[in-house]
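Fold and geometry: a report
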Amino acid sequence: MSAIRNIVILTGAGISAESGIRTFRADDGLWEDHPVEQVATPEGFARDPGLVQRFYDQRRADIRAARPNAAHLALGRLDEAWGGNLLIVTQNIDDLHERGHARRVLHMHGEGLSAWCTACDMRHRWEGTLRDGPACPACCEKALRPDIVWFGEMPYQMERIYTAIAAADLFVSIGTSGAVYPAAGFVEQARRSGARTLELNLERSLGSMMFDETRLGPASELVPAFVVDLLRAP
């Protein structure tokens, strides 16, 4: 790994599952016993905003109760020690990477502890509830919604992500299913750019054949070992 300078790491639900954060969608198509279309689409929010606000109030509480695991902490150590470029692109809405001391983190699907005002376009750190329709601290309009990218909406900062992948020497995918685009296509983009590609996962993802190497096991075991090897490389 001596030629590696620029790294992009994609993380998915599998890295936070060991911290007690349930994966986004179960095999039956439900998320926390709700149809995804009911709680994770703009149309669902328009139909029943109260239900959606209560749903994300609970997700917010779940995030606050969770703790970073060994995988999050290992990526935090990598962030602190790595002298080259590093971008941790996460599909997760929790803040466990940040609490694991990683700083170069991009939340492409939004953040659970953030509220977005659709009236003034401001975003605010938010740890309480939204179910009672609190006013935006910036404009006083009652137009706050979860700062989450729902199905049918564009993920955040895609141009920045693709620029980082184009310059990467190493692309690593951790705990992802390989089923949700555009993130599922990142490995193909990395290969075209000449990056080495590595998958760390509990089981092979749908795009596993696209990776140069796949290591299987719990993220809390694989990620710390990967970070140790990377930082030891001459």
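For the protein, an unreviewed UniProt entry supplies the name NAD-dependent protein deacylase and the organism Aurantiacibacter luteus. As stated in UniProt under Function (unreviewed entry), the record for the protein gives "NAD-dependent lysine deacetylase and desuccinylase that specifically removes acetyl and succinyl groups on target proteins. Modulates the activities of several proteins which are inactive in their acylated form." In its Sequence similarities (unreviewed entry) section, the UniProt entry covering the protein states "Belongs to the sirtuin family. Class III subfamily."

1. Observations regarding the pairing of strand 4 (residues 86-90)
Most of strand 4 is tucked away, with five of its five residues classed as buried. With burial as the criterion, each face of strand 4 is covered, one bearing Leu86, Ile88 and Thr90 and the other bearing Leu87 and Val89. Pairing analysis gives three bridges linking strand 4 to strand 5 (residues 105-107), with the strands arranged parallel. Counterpart to Thr90 in the pairing with strand 5 is His107.

2. Some details on the environment of His124
Residue placement: His124 occurs in strand 7 (residues 123-125). Put simply, His124 and Arg67 are 57 residues apart on the chain and 22 Å apart in space, counted from C-alpha to C-alpha. Not counting residues up to four positions away in its chain, the partners in contact with His124 are Leu113, Ser114, Ala115, Cys136, Pro137, Ala138 and Leu144.

3. Overview of helix 4 (residues 49-65)
Taking 1.5 Å of rise per residue, 17 residues should cover 24 Å, and helix 4 covers 24 Å from first to last C-alpha, within 8% of that figure. What helix 4 keeps buried is the set Leu51, Val52, Gln53, Phe55, Tyr56, Asp57, Arg59, Arg60 and Ile63.

4. Quick look at the sheet that holds strand 7
Read across the sheet, three strands follow the order 7-6-8 without closing on themselves; strand pairing throughout is antiparallel. Where the open sheet ends on each side, the last strands, each with one partner, are strand 7 and strand 8 (144-148). Adjacent strand axes in the sheet meet at a mean angle of 45° when their direction is disregarded. Note: strand 6 (residues 110-117) against strand 7, three bridges, orientation antiparallel. Following the sheet pairing, Trp116 is matched in strand 7 by Arg123.

Rules and cut-offs
- Residues numbered from 1 in each chain as written.
- Predicted model: local features only at pLDDT ≥ 70, side-chain atom pairs only at ≥ 80, totals over all residues.
- Heavy atoms only, no water.
- UniProt positions renumbered as here; feature names shortened; annotations may be inferred.
- Buried < 20%, exposed > 50% of the residue type's maximum accessible area, 1.4 Å probe, protein only.
- Helix = DSSP H or I, 4+ residues; strand = E, 2+ residues; numbered from the N terminus.
- Pairing = 2+ DSSP bridges.
- Contact = heavy atoms within 4.5 Å.
- Expected span 1.5 Å × (residues − 1).
- Axes fitted to C-alpha atoms, helices over the stretch in contact; angles between N-to-C directions.

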